[in-house]
Amino acid sequence: MPVAGRRGISSVRAVDITIPASTESARRDPVVVIDDGHLRVSAVPVTHGRAVPALAYRFDTADGSVVFSGDTSVNEDLIALARGADILVQSVADLGYLEGHGFTGPALERMAALHTDVTEVGGVAERAGVGELILIHYLPAEPDAITDAEWARRASQGFSGTATAGSDGLRRVLPRATTSV
């Protein structure tokens, strides 16, 4: 929540998030971070190598819902959190490209434990039943290595919604948003 800060600048009040302990077989329910009647923010832990906690967040409003995956490999808790969301914003890697450019063995396994491969991300979005998949935080991070069109095409495999290669400044209007005249 915004609070008055020094010099009149608004700041953010931090809230600790208590995440249930991990179990091998059970999915964890989302933790509600904030719910003020207009905005509900929920979080679940995701798999990002040894980084604990790594979190995905869902933002729900009367206009719709957006889920941010954070850095993660395919994760059942993320899929459950994103179920029915309008937009899933997902980090993505092209592990085949990385392998073809020298990442092998433990280095490639490390990347696979940290990020969802472009060949799997469409399946994540489809299982979650989201309307649009927006890709971010690309690996490789070389802008000219893979075109936006190629990222979107490959990510859309197995996904019946719209896949978009995200970039700085990309904006979306949630489907139930209304405009005033």
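In what follows, the structure referred to is the one given above.
Here the structure is a predicted model, which means the values were calculated and not measured.

A. Representation of the pairing of strand β7 (residues 87-93) within the structure. Counting buried residues in β7 gives seven out of seven residues, a clear majority hidden from the surface. Of the two faces of β7, both are covered, the one formed by Ile-87, Val-89, Ser-91 and Ala-93 as well as the one formed by Leu-88, Gln-90 and Val-92. Bridge count for strand β6 (residues 64-68) against β7 is three bridges, and the pairing is parallel. Across the sheet, the residue bridging to Phe-68 is Val-89, located in β7. Handedness of the β-α-β unit built from β6, helix α1 (residues 76-82) and β7 comes out right-handed. Inspection of the sheet shows β7 paired to strand β8 (residues 132-139) by seven bridges, in the parallel sense. Its bridge partner being in β8, Ser-91 is matched across the sheet by Ile-136.

B. Fine view of the environment of Val-44. Topologically, Val-44 is positioned in strand β4 (residues 40-45). Sequence separation between Val-44 and Ala-56 is twelve residues; the distance between their C-alpha atoms is 5.5 Å. If sequence neighbours within four positions are ignored, Val-44 has contacts with Arg-28, Asp-29, Pro-30, Ala-54, Leu-55, Ala-56, Asp-77, Leu-78 and Leu-81.

C. How the structure looks around the sheet that holds strand β3 (residues 31-35). Taken in spatial order, the seven strands of this open sheet run β3-β4-β5-β6-β7-β8-β9, and their pairing is mixed. The open sheet is flanked by β3 and β9 (162-165), the only strands paired with a single partner. When the angles between neighbouring strand axes are averaged without regard to direction, this sheet yields 20°. Examined bridge by bridge, β4 and strand β5 (residues 55-61) share six bridges and lie antiparallel to one another. When the bridges of β5 are listed, Val-44 appears paired with Ala-56. Each of β7 and β8 is contacted by helix α4 (residues 118-128), which is oriented at about 160° to β7, the strand it contacts most.

D. Quick peek at the pattern of salt bridges. For the structure shown, the criterion picks out seven salt bridges. Taking the shortest distance from any N to any O, the salt bridge between Glu-76 and Arg-127 comes out at 2.5 Å. Of this pair, Glu-76 sits in helix α1 while Arg-127 sits in helix α4, and the two are 51 residues apart along the sequence.

E. Just the environment of Arg-110, in detail. On the secondary structure map, Arg-110 appears in helix α3 (residues 105-114). In this structure the C-alpha to C-alpha distance between Arg-110 and Arg-50, which are 60 residues apart in sequence, comes to 9.8 Å.

F. Main features of unusual backbone geometry. At the junction of Val-52 and Pro-53, the peptide bond is cis and its omega measures out at -5° in the coordinates. Checked against the element boundaries, Pro-53 lands in the loop between β4 and β5. Leu-139 connects to Pro-140 through a cis peptide bond whose omega is 10°. Mapping Pro-140 onto the fold places it in the loop between β8 and α5 (148-155).

Rules used throughout
Residues numbered from 1 in each chain as written. Predicted model: local features only at pLDDT ≥ 70, side-chain atom pairs only at ≥ 80, totals over all residues. Heavy atoms only, no water. Buried < 20%, exposed > 50% of the residue type's maximum accessible area, 1.4 Å probe, protein only. Helix = DSSP H or I, 4+ residues; strand = E, 2+ residues; numbered from the N terminus. Pairing = 2+ DSSP bridges. Right-handed = clockwise from strand over helix to strand, strands pointing away. Contact = heavy atoms within 4.5 Å. Axes fitted to C-alpha atoms, helices over the stretch in contact; angles between N-to-C directions. Salt bridge = Lys/Arg side-chain N within 4 Å of Asp/Glu carboxyl O.

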